Amino acid sequence: MVFRKLPGVSASGMGLRLSQKFVFLLFLSGLVTLCFGALFFLPDSVRLKRIFLPKSDNQAVTVGSENDAREHSKKMSREQTAKGDSTTKLKILSRKQSVTHQARTVERSVGNKPPEESNPPRTKTEPGSKARESVTRGDRVTTSTQNGQTKDNFDFEKFKRCLLKAPLGSDNGKPADPQTLQRREKVKEMMKFAWDNYKRYAWGKNELHPVTLKGHIGNMFGGLRGATIIDSLDTLYIMGLMEEYEEAKKWVETDLDLNLNGEASLFEVNIRYVGGLLSAYYLTGAEVFKRKVLELGEKLLPAFNTPTGIPRGVINLGSWSWGWASAGSSILAEFGTLHLEFVHLSELSNNPIYTEKVMNIRKVLNKIEKPHGLYPNFLSPVSGNWVQHHVSIGGLGDSFYEYLIKSYLMSDKTDEEAKRMYYSALEAIETNLVQKSPGGLTYLAEWRGGILDHKMGHLACFSGGMVGIGADDGPQEKRQHYLDLAAEITHTCHESYTRSATKLGPEAFRFDAGAEATATRLNERYYILRPEVIESYLYLWRLTHDPKYREWGWEAVEALERHCRTEGGFSGIRDVYSSVVSHDDMQQSFFLSETLKYLYLLFSDDDLLSMEDWVFNTEAHALPVIRKSCLQPETGTQDANKSTTE
């Protein structure tokens, strides 16, 4: 082939230009590949995904390698440890402000979102819109609300008769001991103070900034409002703060808007909103709570529309869901923390779909191999395989184990599968994770592909109570062993409090380089009003009646009053080891739902929300034991109904 020579351009010059074009095109193709790779693999690319991908319940999720997951885990760790008002920690990566807020799951967030934080979308979906169509015909809840009425046959009066004790006890749990009563009244005053300031400065918002005196919305609830109101309903009720309870109830009836189209954490919406509304209904019988919770429950079903039925972590309350974690994987403590609430949704709606969804999760888990009997924290909702081998009883894993034993207890001890899974997991935890420090402290390490990380998070301190409530139903020869283990773990968590200047515990504490039960890293020194240590005090008190647990609880009350109380509410602090307190300006909703409720119950008689009748979800919302034999319609009634029909 003959190339025509261009005027004024040499052959060598033309060759150089072709080479430059080739390099440019190579660079451009690499850039495009990188951009689209980020589009599909980075968890923060949801905005781009929404532009390019249809909002389909079945959109593909690509599962990354262990290296991808490991890098994401490191990224999360960096995000969680960021300090100051310029960042907010992931909480649903749990609690509890990005799309998820680490509650009990990566770690409940510090809540230091800047004041200029943008509000989530409040787009309403019209009745009959695509939001409802996203629930497949087979999953449609036939008892959903229609014209403000709920079609179901739940008999609330019969339910009350099935309880062994009155929910509020013989005298509202009032202790006979004057000092204990005085301490209980102090906790009640703290609750009223927190509530009054929320009402004054943040009414209708999700949480309160108690230093700057304004409301906080966040973006993990998909546009839902009033998280503090919903979280506080049962606490207000059991404390006898009836005026405040009626205010909250009225807000639910008139202002709780569920017709939204925003992105929400399935985990957080379930434990706070679904759990809070369920508890309020079972305690009071007010139909508004049942109506609202059944409407909300239906909106969560699209999260399960995956190839395996393992739900994704983030759901659009209008129609679709996606996985925010590494390569779209789901988190053990998120999809494993649905069972209690969903079983009760089936009870109230008379529709088995909710129970079927969570029972399918167990089927998937029982099919796959568990390394050393342990459950890793990340699972692909597409393939049903583990994405990486990181095991934690703290953030990312915690409430999965909690819900196994509580599912068994809530079933009136008939759920044998939950019992088997729990004690099998507990055996693996004891074998691989339970450690003893040189100083004699028992702690739960984290497991990373066979290598132990000698760190215990504040979130893992719930496990003292968990092991305790499960002691009676394991092998008889291990009953005392489990009670001892529960007490040892709770003692270690108490030590993490007493070894700080403020007598409040850090977000995580370590057992390495000579340190024991203390935070050795700056990014682990904060306290965000978490309840887990006090939760274990309550359970150990009720199981043993050892007075030290009430004393430890009172130490926490004094520390909260001294270091966390501000003129406008209660705030977390950034460094528990500093005598000069720096507040994070966030009154978490779980402080009212959990921390103060557990303290109030600690200083009450045991018949207030008796453990024989109630279990607490991971947000401390009281859910009743389901006694199927008692709740079944009487034979005579069934026959009469049958004759009438005929």
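Cut-offs used in this document
Residues numbered from 1 in each chain as written. Predicted model: local features only at pLDDT ≥ 70, side-chain atom pairs only at ≥ 80, totals over all residues. Heavy atoms only, no water. Helix = DSSP H or I, 4+ residues; strand = E, 2+ residues; numbered from the N terminus. Buried < 20%, exposed > 50% of the residue type's maximum accessible area, 1.4 Å probe, protein only. Areas by Shrake-Rupley, 256 points an atom, 1.4 Å probe, with all protein chains shown as cover. Disulfide = S-S within 2.5 Å. Phe/Tyr/Trp six-rings, centres within 6.5 Å; stacked < 30°, edge-to-face > 60°. Polar contact = N/O pair within 3.5 Å; in protein donor to acceptor, adjacent residues only side chain to side chain. Axes fitted to C-alpha atoms, helices over the stretch in contact; angles between N-to-C directions. Parallel < 35°, antiparallel > 145°, perpendicular 65-115°, else oblique. Left-handed = near helix turned anticlockwise from the far one by under 90°. Contact = heavy atoms within 4.5 Å. Nonpolar A, V, L, I, M, F, W, Y, C, P; charged D, E, K, R; others polar. Pairing = 2+ DSSP bridges. Expected span 1.5 Å × (residues − 1). Bend = angle between axes of the 7 residues up to and from the residue. Salt bridge = Lys/Arg side-chain N within 4 Å of Asp/Glu carboxyl O. Patch = residues over 30% accessible without salt bridge, like charges linked within 9 Å, V, L, I, M, F, W, Y side chains within 5 Å. Core = buried A, V, L, I, M, F, W, Y, C linked by side-chain atoms within 4.5 Å. 1 Å grid on protein atoms, 1.4 Å probe; cavity = no way out; pocket = protein on both sides within 12 Å on 5 of 7 lines; lining within 4 Å. Points joined across faces, edges and corners; volume = space filled by probe spheres on them. pLDDT = per-residue confidence, 0-100.

Visitor: So what's going on with the overall build of the protein? Which residues, and what values?
Guide: Along the protein, the regular secondary structure elements total 22 helices and 19 strands. Sorting the 646 residues of the protein into buried and exposed places 60% on the buried side. A total of about 25,500 Å² of accessible surface is found on the protein, and carbon and sulfur atoms cover 53% of it.

Visitor: With reference to specific residues and values, describe the state of the cysteines.
Guide: For the structure shown, the criterion picks out two disulfides. Each sulfur in the disulfide pair Cys162 and Cys630 lies 1.9 Å from the other. Residues Cys162 and Cys630 share a disulfide whose torsion about the S-S bond is about -95°; that sign makes it left-handed. Of this pair, Cys162 sits in helix H5 (residues 156-162) while Cys630 sits in helix H21 (residues 628-631), and the two are 468 residues apart along the sequence. Covalent S-S linkage joins Cys461 and Cys493, the inter-sulfur distance amounting to 2.1 Å. Between Cys461 and Cys493 the disulfide shows an S-S torsion of about -95°. By sign, it is left-handed. Of the two residues, Cys461 sits in the loop between strand E14 (455-457) and helix H16 (463-469) while Cys493 sits in helix H17 (residues 479-498), which places them 32 residues apart along the sequence. Exposure remark for Cys493: the relative accessible area of 1% places this residue in the buried category. Sequence-ordered numbering of the bonded cysteines in the protein gives a pairing of 1-4, 2-3.

Visitor: Can you explain the packing of aromatic side chains? Please cite residues and give values.
Guide: One pass over the structure, following the stated rule, counts 31 aromatic pairs. Aromatic pair Tyr198 and Trp203: ring centres 6.0 Å apart, planes at 55°, arrangement tilted. We classify Tyr198 as buried; its relative accessible area is 0%. Taken together, a centroid distance of 6.2 Å and an interplanar angle of 80° make the contact between Trp554 and Phe603 edge-to-face.

Visitor: Account for the environment of Thr431, with residues named and values stated.
Guide: You can see Thr431 is positioned in helix H15 (residues 416-432). Here the alpha-carbon distance between Thr431 and His372, two residues 59 residues apart in the chain, equals 8.9 Å. A polar atom in the side chain of Thr431 sits 2.9 Å from the backbone oxygen of Glu427.

Visitor: I'd like to hear about helix H12 (residues 339-349), residue by residue, with values.
Guide: Within H12, eleven of the eleven residues are buried, which leaves it mostly tucked inside the rest of the structure. The set of residues buried in H12 consists of His339, Leu340, Glu341, Phe342, Val343, His344, Leu345, Ser346, Glu347, Leu348 and Ser349. At the C-terminal side of H12, Asn350 shows a positive phi close to 60°.

Visitor: Go over the packing of helix H10 (residues 287-300) against H12, please, and point to the residues and values.
Guide: Where H10 contacts H12, the axes come no closer than 10 Å and their chain directions differ by 120°. Judged by the inter-axis angle, H10 sits oblique to H12. Like other packed secondary-structure pairs, H10 and H12 cross with a definite hand, here left-handed. Here Lys290, Val293, Leu294, Gly297 and Leu300 of H10 come into contact with H12, specifically with Phe342, Leu345, Leu348 and Ser349. In terms of residue class, the contact of H10 with H12 is made up of six nonpolar, two polar and one charged.

Visitor: If you had to explain the sheet that holds strand E7 (residues 378-379) to someone new, which residues and values would you point to?
Guide: Ordered in space as E6-E7-E8, the three strands form an open sheet in which the pairing is antiparallel. Either end of the sheet is taken by a strand with one partner, and the two such strands are strand E6 (330-331) and strand E8 (386-388). Relative to E7, E6 runs antiparallel, the two sharing two bridges. Bridge pairing links Ile331 to Phe378 in E7.

Visitor: Tell me about helix H20 (residues 589-602), residues and numbers included.
Guide: Relative to the 20 Å expected for 14 residues at 1.5 Å per residue, H20 spans 20 Å between its end C-alpha atoms, a close match to the ideal helical length. In the structure, H20 departs most strongly from a straight axis at Leu596, where the bend amounts to approximately 25°. Across the 14 residues of H20, 14 count as buried, placing the element largely inside the fold.

Visitor: Quick rundown of the pattern of salt bridges? Include the residues and the values.
Guide: Should their charged atoms come close, side chains of opposite charge can pair. Here the structure, examined in full by the defined rule, presents 32 salt bridges. With its nearest N and O atoms 3.2 Å apart, the salt bridge here joins Asp196 to Lys192. Residue Asp196 and its partner Lys192 are both found in helix H6 (residues 178-202); the two are separated by four residues, about one turn of the helix. Judged by its relative accessible area of 32%, Lys192 is partly exposed. Where Lys436 meets Glu488, a salt bridge forms, and the shortest distance between an N and an O atom there is 3.6 Å.

Visitor: An account of a nonpolar patch on the surface is requested, with residue identities and associated values reported.
Guide: On the surface, a nonpolar cluster with roughly 520 Å² of combined accessible area is contributed by Phe24, Leu25, Phe27, Leu28 and Leu31. Counting through the fold element by element, Phe27 comes out in helix H1 (residues 11-41).

Visitor: Can you explain the sheet that holds strand E9 (residues 390-391)? Please cite residues and give values.
Guide: Read from one edge of the open sheet, three strands run E9-E12-E13, paired in antiparallel fashion. Bordering the open sheet on either side are E9 and strand E13 (451-453), each of which pairs with just one other strand. Direction of pairing for strand E12 (residues 446-448) relative to E13: antiparallel, over a ladder of three bridges. By the bridge assignment for E13, Trp447 is matched with Leu452.

Visitor: Summarise the nonpolar core; cite the residues concerned and give the values.
Guide: With 161 residues, the main nonpolar core has Phe289 and Tyr401 as its most contacted residues. Per-element tally for this core: the top contributor is helix H9 (residues 266-284), with twelve residues.

Visitor: An account of empty space enclosed by the protein is requested, with residue identities and associated values reported.
Guide: Roughly 120 Å³ of volume is contained in the second largest cavity. Lining the second largest cavity are 14 residues, with Gly336, His339, Ile361, Arg362 and Phe400 sitting closest to its centre. Elements represented by at least two residues in the lining of the second largest cavity include exactly helix H13 (353-367) and helix H14 (398-410).

Visitor: Explain the environment of Tyr497 residue by residue, including any values.
Guide: Mapping Tyr497 onto the fold places it in helix H17. Assessed through its relative accessible area of 3%, Tyr497 is described here as buried. Between the C-alpha atoms of Tyr497 and Glu555, which are 58 residues apart in sequence, the distance is 9.4 Å. Once residues within four sequence positions are removed from consideration, Tyr497 is found in contact with His458, Lys503, Leu504, Gly505, Tyr527, Arg530 and Val533.

Visitor: Which residues make up the confidence of the model for the protein, and what values go with them?
Guide: Mean pLDDT for the protein: 83, with 74% of residues reaching 70 or above. Confidence scores differ between elements of the protein, with helix H2 (residues 46-52) showing the lowest mean pLDDT of 35 and H20 the highest of 99. Low pLDDT, under 50, characterises residues 1-16; the predicted model gives this stretch three contacts beyond four residues in sequence or across chains. Within the model, the stretch residues 140-150 combines pLDDT values under 50 with 25 contacts to residues more than four positions away or in other chains.

Visitor: Residue-level account of the environment of Lys413, with values.
Guide: Inspection of the secondary structure assignment puts Lys413 in the loop between H14 and H15. The exposure class of Lys413 is partly exposed, given its relative accessible area of 39%. The spatial distance from the C-alpha of Lys413 to the C-alpha of Asp473 is 8.8 Å, given a sequence separation of 60 residues. Within polar-contact distance, the side chain of Lys413 engages the side chain of Asp473 at 3.0 Å.

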